[in-house]
Amino acid sequence: AQSVAQPEDQVNVAEGNPLTVKCTYSVSGNPYLFWYVQYPNRGLQFLLKYITGDNLVKGSYGFEAEFNKSQTSFHLKKPSALVSDSALYFCAVRRAGGSYIPTFGRGTSLIVHP
Amino acid sequence: DAGVIQSPRHEVTEMGQEVTLRCKPISGHDYLFWYRQTMMRGLELLIYFNNNVPIDDSGMPEDRFSAKMPNASFSTLKIQPSEPRDSAVYFCASTLGLASYNEQFFGPGTRLTVL
């Protein structure tokens, strides 16, 4: 079985400040981890993924995520938030070599204040 | 590439009516997924296809829901009869499934309102 937890329903940050959106996972074996973003009235859009190798993954729009195997976490980060980053963020996990069905978290609403 | 295309973008119907949602996946993608998104339940996987064959429909809520994929470029999700609790945003997504680390590409969604 695989699962994802996004412990915060909402994250508030001031524009220009660093942001972190948290994600922890549970999977038997090695994970493939993904972050998606959903802007209002839009579908989910892929941001970045971890497959193997370097624990720090860089993605679109200046976002990055750090894979931490010991803490089973994959937190999304950005050094300087923009108001336009305000959206719903989803973390997802698949077991490496497993099925093609990812498990998504409940989503975290990021609000960046001007 | 136009991405995943869904139609209609919005659908308002009355309880008891049949609703058909449509999806065109990205050309060459061999996996297609139907999801439902609500505030209460978040993002739920309803069914997915591989090479036009339904693989897992355990997420389909009840017999009122059915999905087909007659060819590689078209899929439908039908609700008959519709009920107010079916109101949600329905997403179609596709992926190239050669490796399970490939990301999914989502369509813009169909917002369904059942009165």
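Read on for an overview of the structure. (Residues numbered from 1 in each chain as written. Chains lettered and ligands numbered in written order. Predicted model: local features only at pLDDT ≥ 70, side-chain atom pairs only at ≥ 80, totals over all residues. Heavy atoms only, no water.)

### A closer look at the overall build of chain A
- Scanning chain A for helices and strands turns up 0 helices and 12 strands.
- Start at the N end of chain A and walk to the C end: the helices and strands fall as β-β-β-β-β-β-β-β-β-β-β-β.
- In summary, chain A has a C-alpha radius of gyration of 13 Å against a globular reference of 13 Å for 114 residues, a match within 12%.
- Projected onto its principal axes, the C-alpha positions of chain A cover 45 × 30 × 20 Å. (Helix = DSSP H or I, 4+ residues; strand = E, 2+ residues; numbered from the N terminus. Rg over C-alpha atoms; globule rule 2.2 N^0.38 Å.)

### What about the pairing of strand β6 (residues 53-56) of chain B?
All names here are of chain B.
- One ladder, built from 3 bridges, connects strand β5 (residues 42-50) with β6; its direction is antiparallel. In the sheet register, Tyr48 faces β6, and the bridge partner there is Asp56.
- The hairpin formed by β5 and β6 contains 2 residues between the paired strands, and Asn51 there has a positive phi angle of roughly 50 degrees. (Pairing = 2+ DSSP bridges.)

### A word on the state of the cysteines
- Throughout the structure, instances matching the rule amount to 2 disulfides over all chains.
- Two residues, Cys23 of chain A and Cys91 of chain A, share a disulfide whose sulfurs are 2.0 Å apart. Across the S-S bond of Cys23 of chain A and Cys91 of chain A the torsion is about -65 degrees, and the bridge reads as left-handed. You can see Cys23 of chain A sitting in the loop between β3 (19-21) and β4 (24-27) and its partner Cys91 of chain A sitting in strand β10 (residues 87-95), a full 68 residues away along the chain.
- Residue pairing for Cys23 of chain B: its cysteine sulfur links by disulfide to Cys92 of chain B, the two sulfurs lying 1.8 Å apart. With the S-S dihedral at roughly -65 degrees, the linkage between Cys23 of chain B and Cys92 of chain B falls on the left-handed side. On the criterion of sequence distance, the pair formed by Cys23 of chain B in strand β3 (residues 19-24) and Cys92 of chain B in strand β9 (residues 88-95) is long-range, its members being 69 residues apart. Comparing Cys23 of chain B with Cys92 of chain B, the two get one shared label, buried. (Disulfide = S-S within 2.5 Å. Buried < 20%, exposed > 50% of the residue type's maximum accessible area, 1.4 Å probe, protein only.)

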